[in-house]
Amino acid sequence: MDAEEIQTLIAAALPCEHLQVQGDGRHWFALIVSPAFEGKRPIQRHQQVYAALGESLKNEALHALSMKTLTPAEWAQRQAKPQA
């Protein structure tokens, strides 16, 4: 499984304003900005992403995924902050 496949699975299940996946083929990091996360706690957001990845997680095609899940407002707020 590669970054493009992971992005495709996530984007097919969630409306994403920003989606970035990076990794080394075994360990992955995803930055996902979606209005679907509005009003959801972090664990609920992660569950939505895990549901999008479905069988890929079960058959271990995707071994390790860490993620940052943000609403569009949270993303805009982070983008507005000056970088230190």
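Residues numbered from 1 in each chain as written. Predicted model: local features only at pLDDT ≥ 70, side-chain atom pairs only at ≥ 80, totals over all residues. Heavy atoms only, no water.

(A) Representation of helix H2 (residues 42-53). End to end, H2 covers 17 Å across 12 residues, agreeing with the expected 16 Å (1.5 Å per residue, within 8%). Where H2 is buried, its residues contact helix H1 (3-13), strand S2 (27-33), helix H3 (55-58), strand S3 (64-70) and helix H4 (72-80). Gly54 lies just past H2 and shows a positive phi near 40°. (Helix = DSSP H or I, 4+ residues; strand = E, 2+ residues; numbered from the N terminus. Expected span 1.5 Å × (residues − 1). Contact = heavy atoms within 4.5 Å.)

(B) Structural detail: the environment of Leu9. Here Leu9 lies in helix H1. In this structure the C-alpha to C-alpha distance between Leu9 and Gly54, which are 45 residues apart in sequence, comes to 8.8 Å. Excluding anything up to four places from it in sequence, Leu9 contacts Met1, Ala52, Leu53 and Ser56.

(C) Summary view of the sheet that holds strand S1 (residues 18-23). One open sheet accounts for 3 strands, arranged S1-S2-S3; its pairing is mixed. Strands with a single pairing partner mark the edges of an open sheet, and in this sheet they are S1 and S3. When the angles between neighbouring strand axes are averaged without regard to direction, this sheet yields 10°. Bridging between S1 and S2 involves 6 bridges; their strand directions are antiparallel. Paired with Gln22 across the strands is Phe29, a residue of S2. Packing of H2 onto the sheet brings it into contact with S2 and S3, and relative to S3 it is tilted by some 130°. (Pairing = 2+ DSSP bridges. Axes fitted to C-alpha atoms, helices over the stretch in contact; angles between N-to-C directions.)

(D) Here's a closer look at the nonpolar core. By size, the foremost hydrophobic cluster in this structure holds 15 residues, and its most contacted members are Ile10, Ile32, Val49 and Leu65. Those elements giving two or more residues to this core turn out to be H1, S1, S2, H2 and S3. Sequence-distant contacts of Leu65, defined by excluding residues within four places in its chain, comprise Trp28, Phe29, Ala30, Val49, Tyr50 and Leu53. (Core = buried A, V, L, I, M, F, W, Y, C linked by side-chain atoms within 4.5 Å. Buried < 20%, exposed > 50% of the residue type's maximum accessible area, 1.4 Å probe, protein only.)

(E) Examining the side chain of Arg45 more closely. Residue placement: Arg45 occurs in helix H2. A distance of 2.8 Å separates a polar atom in the side chain of Arg45 from a polar atom in the side chain of Glu74. (Polar contact = N/O pair within 3.5 Å; in protein donor to acceptor, adjacent residues only side chain to side chain.)

(F) Molecular detail of the packing of H1 against H2. Between H1 and H2, the least distance of the axes is 8 Å, while the angle of their chain directions is 115°. Compared by their axis directions, H1 and H2 come out roughly perpendicular. By crossing handedness, the relation of H1 to H2 is classed as right-handed. From H1, Ile6, Leu9, Ile10 and Ala13 reach across to H2, where they touch Val49, Ala52 and Leu53. Residues that form the contact of H1 with H2 fall into these classes: 7 nonpolar, no polar and no charged. (Parallel < 35°, antiparallel > 145°, perpendicular 65-115°, else oblique. Left-handed = near helix turned anticlockwise from the far one by under 90°. Nonpolar A, V, L, I, M, F, W, Y, C, P; charged D, E, K, R; others polar.)

Worth remembering: the numbers are spatial, not functional.
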